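In case you want the letters, here they are:
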Amino acid sequence: MVIIVGGGVAGLSAAYDLANAGIPHTLIEKQPRVGGVIETRQWEGCVMECGPDSFISAKPEAMKLIQELGLAGDVIGSKDEERVTYIQRHGKLVRLPEGTTMFVPTRPSSMLASPLVGWGTKIRMGLEFFRGPETHPDRSVSEFVTDHFGRETLDYLAEPLLSGVYGGDPDQLSVASVLPRFVEMERTKGSLARTLMAARSSAKRTEPLFRTLKSGLGCLVDRLAAKANVVHGAAEAIEKSEGGFRVRVASKGTGDWMEADHLVVACPAWAAGELLCDVDSRLASLLRMIPYTSSAITQMVFRASEFDGQRAGTGFLVPRAERRRLMACTFVGTKFPHRVPADKITLRCFFGGSGNDAVLEEPDDALIAIAREELRAILGLTAAPIFTGVYRWPRAMAQYIVGHGARLKEIESHASAVPGLHLAGNAYTGIGIPDCIRMGRQAAARIIATS
Ligand SMILES: Cc1cc2nc3c(=O)[nH]c(=O)nc-3n(C[C@H](O)[C@H](O)[C@H](O)COP(=O)(O)OP(=O)(O)OC[C@H]3O[C@@H](n4cnc5c(N)ncnc54)[C@H](O)[C@@H]3O)c2cc1C
């Protein structure tokens, strides 16, 4: 018997493979619905993603699972040629220069023509081209970016672009864990700009950068959940037992103990730390040390005929340096046209991130009012939305801070010393959906191999 704690995409992926292998399992999920941060709602022809809206194509695990689930026909790709992102600078929206890979310029002409950064930074970007290979101990994203391209690149490119993925603070995020590809380039080649420019001219990209499901990522969760044996209730305690583990579940208030020979802990690391303190106290404290950030998303639908604001491509990012409350905004219908009817415009606004958890305490009406005020100031939008939704994700995004790699090694060594214990989820070796699927499926594969 296997118990899985946590019904996000990591736990559900583990359950799916165990079910297919005929291994009995119970997935314990404390919320009344499964999916974790993945949730899709529909409103008058609009597909509303309450959490993630797509996944990166370069990591194959999500697409592979989608194909296995028979959902390949529902997959749509991002329209990268038409993708236009803006970044706010001195209160105005400036187009992200074409050819910018994360914060690395790969098309000098578009960076030179852009008002996003000044001449000092442009010269610095040019000089980066001549750097030779270097090796550094793990350092923060801020140190890494500033070292290569200067402070302005950090403030107006790296910070807003990374906030969109991690909701994190670049002064704390570990470059080795968050941008391992760039660290490898630094080590082997030196210049990121030169390496990416060479890669760009030799590679012809055939895949879209991002993919998603036309009807929403909730379909992925639904398909996985159909295979899972789910019990709704919080796991409250875990103990070792003769056969493996006992898990106390607050299901319908009974506080029943359930027995398992394998345990997949796929809830956030802070929750895993609370549950595992009787199993291995050092492991529990290492897990609790992984910080998390919170975020809130407001979703607003407008009649296209009434929309009087600037139409800012696929959306815009607001650097922290601009000192606004809004972090980012997506024009959903431009990013994924299948998700919004032509007579409507849907905006998804992001709040929260590192140090801004307090915004989650705002009541729904207040958050919508803040979002509207921000959009009035940035886009000049005064039209009233015909639909509003607010979705909160407290302590949902694990932060890979400097030293994460070393902490992870210690976590892995403690976890592997407890027979039958498996960890999965966004706290460990990847924050995105494909990574979480991979970790869930790897946990299942280890169990299947020993059964
Ligand atoms: C707002 C937002 C937007 C994102 N956008 C993207 C994106 O576009 N693309 C992308 O690839 N990634 C994105 N991510 C990241 C990615 O979606 C998540 O990292 C991933 O889905 C997390 O999956 P998980 O299974 O590890 O955890 P979760 O989804 O957090 O699931 C953990 C589950 O454990 C349950 N749980 C907790 N404690 C207990 C307990 N004691 N007992 C039982 N159950 C418990 C929770 O209720 C939850 O359902 C986004 C994340 C957020 C928050």
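Within every chain, residues take consecutive numbers counted from 1 along the sequence as written. Under the rules for a predicted model, residues below a pLDDT of 70 receive no local features and side-chain atom pairs below 80 are neither given nor counted, while totals for whole chains, interfaces and linings still include all residues.

So, on to the packing of helix α1 (residues 9-20) against helix α16 (residues 433-450). α16 packs onto α1 with a crossing angle of 35° between their chain directions and a minimal axis gap of 7 Å. In this structure, the crossing between α1 and α16 has a hand that is right-handed. Residues Val 9, Ala 10, Gly 11, Leu 12, Ser 13, Ala 14, Asp 17 and Leu 18 of α1 touch α16, and the partners they reach there are Ile 433, Cys 436, Ile 437, Met 439, Gly 440, Arg 441, Ala 443, Ala 444, Ala 445, Ile 447 and Ile 448. Broken down by class, the residue content of the contact of α1 with α16 amounts to 14 nonpolar, three polar and two charged. Between the N-to-C directions of two axes lies an angle of 0 to 180 degrees, each axis being a line fitted to C-alpha atoms and, for a helix, fitted only over the stretch in contact. Secondary structure is summarised from DSSP: a helix means a run of H or I of at least four residues, a strand means a run of E of at least two, and numbering begins at the N terminus for each. Should the near helix be turned anticlockwise from the far one by less than a right angle, the crossing is left-handed, and should it be turned clockwise, the crossing is right-handed. The contact criterion used is a C-beta to C-beta distance within 7 Å, with each C-beta placed from the backbone. Here the term charged refers only to Asp, Glu, Lys and Arg, the term nonpolar to Ala, Val, Leu, Ile, Met, Phe, Trp, Tyr, Cys and Pro, and the term polar to all other amino acids, Gly among them.

What follows concerns the pairing of strand β16 (residues 262-265). Every C-beta atom is placed from the backbone, and the number of other C-beta atoms within 10 Å of a residue's own sets its class: buried at 20 or more, exposed at 12 or fewer, partly exposed in between. On β16, burial covers both faces: His 262 and Val 264 on one face and Leu 263 and Val 265 on the other are all buried. Sheet topology note: the strand β1 (residues 2-5)/β16 ladder contains four bridges and is parallel. When the sheet's bridge partners are listed, Val 2 is paired in β16 with His 262. Should DSSP find at least two bridges between two strands, the strands are regarded as paired.

Next up on the list: helix α10 (residues 218-227). Regarding α10, the residues found buried are Gly 218, Leu 220, Val 221 and Leu 224. In an axial view of α10, the angular spread of the buried residues amounts to 150°, which keeps them on one side of the axis. Against α1, β3 (40-43), α2 (61-68) and β11 (210-213) lie the buried residues of α10. Arc definition: it is the arc formed by the directions from the helix axis to the C-beta atoms.

Core analysis: the biggest nonpolar cluster contains 130 residues, and Ile 4, Val 5, Ala 14 and Val 265 have the highest contact counts within it. Beyond its immediate stretch of four places on either side in the chain, Ile 4 contacts Gly 11, Ala 14, Ala 15, His 25, Leu 27, Ile 28, Val 264 and Ala 266. In these notes, a nonpolar core means any group of buried Ala, Val, Leu, Ile, Met, Phe, Trp, Tyr and Cys residues linked to one another through C-beta atoms within 7 Å.

Now for α16. Here α16 is 18 residues long and its end C-alpha atoms lie 26 Å apart, about the 26 Å a rise of 1.5 Å per residue gives. Every buried residue of α16 is accounted for by Ile 433, Pro 434, Asp 435, Cys 436, Ile 437, Arg 438, Met 439, Gly 440, Arg 441, Ala 443, Ala 444 and Ile 447. Where the residues of α16 are buried, they touch β1, α1, β5 (55-56), α2, β16 and β22 (421-423). Take the number of residues in a helix, subtract one, and multiply by 1.5 Å to get its expected span.

On to unusual backbone geometry, then. Among all residues except glycine, the phi angle is most often negative; among peptide bonds, the trans geometry is most common. Phi angles above zero are rare outside glycine, and Arg 323 is one such case at about 55°. With respect to the helices and strands, Arg 323 occurs in the loop between β18 (315-317) and β19 (328-331). Phi at Arg 395 is positive, roughly 45°, even though this residue is not glycine. As for its position among the elements, Arg 395 is in strand β21 (residues 387-398). By C-beta crowding, Arg 395 is classed as partly exposed, having 16 other C-beta atoms within 10 Å.

A few words on the site of the ligand. The immediate surroundings of the ligand are formed by 36 residues, with Gly 6, Gly 8, Gly 36, Pro 52 and Gly 425 found nearest. Looking at the shell around the ligand, the elements that each hand over two or more residues are α1, β2 (25-29), β13 (234-240), β17 (292-303), β21 and α16. Residue composition of the shell around the ligand, by class: 21 nonpolar, twelve polar and three charged. Residues are counted as near a molecule or strand when the C-beta atom, derived from backbone positions, lies within 6 Å of that molecule or strand.

Pairing within the open sheet is antiparallel, and its three strands lie in the order β13-β14-β15. In this open sheet, the two strands that pair with only one neighbour each are β13 and β15 (256-260). The average angle at which neighbouring strand axes cross in this sheet is 25°, direction not considered. In terms of strand pairing, strand β14 (residues 245-250) meets β15 through five bridges, oriented antiparallel. Paired with Val 249 across the bridge in β15 is Asp 256.

We now examine the sheet that holds β17. Here we have seven strands laid out as an open sheet, ordered β8-β7-β18-β19-β20-β17-β21, and mixed in their pairing. Unpaired on one side and paired on the other, β8 (92-95) and β21 mark the two borders of the sheet. Between one strand axis and the next, the sheet turns by 25° as a mean value, whatever way the strands run. Two strands pair when backbone bridges link them, and β18 and β19 are joined in this way by three bridges, in the antiparallel orientation. Across the sheet, Leu 317 pairs through a bridge with Ala 328, a residue of β19.

Summarising the element assignment, His 25 is placed in strand β2. Here His 25 falls in the buried class, since 25 other C-beta atoms lie within 10 Å of it. In this structure His 25 touches Val 2, Ile 4, Ala 15, Leu 18, Ala 19 and Asn 229, once residues within four positions along its chain are discounted.

Right, let's talk about the environment of Ala 371 for a bit. Relative to the elements of secondary structure, Ala 371 occurs in helix α14 (residues 364-379). Taking the number of C-beta atoms within 10 Å as the measure of exposure, Ala 371 has 26 and is therefore buried. Sequence-distant contacts of Ala 371, defined by excluding residues within four places in its chain, comprise Thr 298, Met 300, Leu 326 and Cys 349.

Here the focus is the domain arrangement of the chain. Along its sequence, the chain is carved into domain 1 (2-40 + 60-70 + 215-290 + 400-450), domain 2 (99-202) and domain 3 (292-398). Domain borders in the structure are assigned automatically or taken from a domain database. Between the C-alpha centres of domain 2 and domain 3 the distance comes to 27 Å. Across the contact, eleven residues belong to domain 2 and 14 residues belong to domain 3. Partitioning the side of domain 2 that touches domain 3 into residue classes produces four nonpolar, four polar and three charged.

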